[in-house]
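Survey of secondary and tertiary structure
Spelled out from the first residue to the last, the chains are:
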Amino acid sequence: METLQDRLTAVRSRIARAAERVHRDPADILLLAVTKIFPAETICAAYHLGLREFGENYVQEFEGKAPALTRLEGARFHLIGHLQSNKSKKAAELFHTIQTVDSAKLARRLNEAGSPLDVMLEVKLSSEEAKSGAAAGELPDLIAAVRSCGNLNLLGLMTMPPWSDDPEAARPVFRALRELAERHGLHGLSMGMSHDLETAIEEGSTCVRVGTALFGKRKKQ
Ligand SMILES: *Cc1c(COP(=O)(O)O)cnc(C)c1O
């Protein structure tokens, strides 16, 4: 049986090899462990293997796990799923980073929660209907809005390309996100998941969000 430690070693070496190909330092790439659907015990197990940053998709689901995680000193939690502004206060309490800010209204609500918060802007770079995120053309105004919010620290951009088995399919999307970030003077790039993290790293990702390759297949909720 493959253990979590085995899978973590494999993911770390995939990150290192991809970084090496493009002469990047793997230390500049955050491995965000995506633990949606998995219980708090999974997060604790990953923490004890050295992981410190975790991604969750749903405010309510994470609210249920949070009480079991208070002793994980130095652990940081990122919201990577869509956030409705009526849940922004709760989200600001529970998470250290919100990666999915996609409107000025949401930014203002998070700012009003009153504590310092790291944020990324989710950008939608394909025409797929279901995906959330701001359009590239909305970014200048959105960036200005976030920068005027004293509690929000803007780290960069995040995207989720349309699903495809082929990791190369996402390359143009990753490249477009990097170009947008450069144009707006932003450093952070949250892009790449279990199946396409190499492509994302080659295109400049600073944060790969990895669930399945670490924890195995998720059961449908
Ligand atoms: C679930 C999820 C991931 C992780 O996907 P895997 O394919 O399991 O690695 C990454 N990013 C977001 C936004 C997700 O919802």
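Computed from a prediction, not measured in an experiment: that's the story for all the values here.

Each value, and the rule that gives it
Residues numbered from 1 in each chain as written. Predicted model: local features only at pLDDT ≥ 70, side-chain atom pairs only at ≥ 80, totals over all residues. Heavy atoms only, no water. Phe/Tyr/Trp six-rings, centres within 6.5 Å; stacked < 30°, edge-to-face > 60°. Lys NZ or Arg CZ within 6 Å of the ring centre and 35° of its normal. Salt bridge = Lys/Arg side-chain N within 4 Å of Asp/Glu carboxyl O. Helix = DSSP H or I, 4+ residues; strand = E, 2+ residues; numbered from the N terminus. Buried < 20%, exposed > 50% of the residue type's maximum accessible area, 1.4 Å probe, protein only. Near = heavy atom within 4 Å. Polar contact = N/O pair within 3.5 Å; in protein donor to acceptor, adjacent residues only side chain to side chain. Areas by Shrake-Rupley, 256 points an atom, 1.4 Å probe, with all protein chains shown as cover. Expected span 1.5 Å × (residues − 1). Arc of directions from axis to C-beta. Contact = heavy atoms within 4.5 Å. Pairing = 2+ DSSP bridges. Right-handed = clockwise from strand over helix to strand, strands pointing away.

On to the packing of aromatic side chains, then. As enumerated under the stated definition, the model contains 4 aromatic pairs in all. The rings of Phe 54, Phe 62, Phe 77 and Phe 95 are connected pair by pair, giving a single aromatic cluster. When the ring centre of Tyr 47 is taken as reference, the NZ or CZ atom of Arg 52 above it lies at 3.7 Å.

What follows covers the pattern of salt bridges. With the rule as written, the count across this model stands at 15 salt bridges. Of the charged contacts, one joins Arg 171 and Glu 203 as a salt bridge, the two residues approaching to 2.8 Å between their closest N and O atoms. One end of the pair, Arg 171, is in helix 7 (residues 171–183); the other, Glu 203, is in the loop between helix 8 (197–202) and strand 9 (207–210), with 32 residues separating them in the sequence. Both residues of the pair, Arg 171 and Glu 203, count as buried. Salt bridges sharing common partners tie together Arg 21, Glu 168, Arg 171, Arg 175, Arg 178, Glu 182, Glu 202 and Glu 203.

Let's shift gears to the site of the ligand. As a matter of local geometry, the ligand sits amid 13 residues, with Lys 36, Asn 57, Ser 194, Thr 212 and Arg 218 nearest to it. Within the side chain of Lys 36, a nitrogen or oxygen atom sits 2.7 Å from an oxygen atom of the ligand. The side chain of Arg 209 places a nitrogen or oxygen atom 2.8 Å from a nitrogen atom of the ligand. Protein chains shield 92% of the accessible area of the ligand, which is 390 Å² for the free molecule.

Since the α-helix advances by 3.6 residues per turn, residues separated by three or four positions end up pointing in the same direction. Across its 18 residues, helix 1 (residues 4–21) extends 26 Å between first and last C-alpha, which sits within 8% of the 26 Å expected from 1.5 Å per residue. Within the span of helix 1, buried status applies to Leu 4, Leu 8, Val 11, Arg 14, Ile 15, Ala 18 and Ala 19. Looking straight down helix 1, one finds its buried side chains confined to an arc of 130°; they lie on one side. If you follow the buried residues of helix 1, they end up packed against strand 1 (30–34), helix 2 (40–48), helix 8, strand 9 and helix 9 (212–215).

All right, on to the pairing of strand 3 (residues 76–79) then. The sheet contact formed by strand 2 (residues 53–56) and strand 3 spans 4 bridges and is parallel. Counterpart to Phe 54 in the pairing with strand 3 is Phe 77. Since strand 2 and strand 3 lie parallel, the crossover through helix 3 (residues 59–65) that links them has a hand, and here it is right-handed. Alignment of strand 3 against strand 4 (residues 97–101), held across 2 bridges, turns out to be parallel. Bridged to Leu 79 within strand 4 is Ile 98. Between the parallel elements strand 3 and strand 4, the chain passes through helix 4 (residues 88–94) in a crossover that is right-handed.

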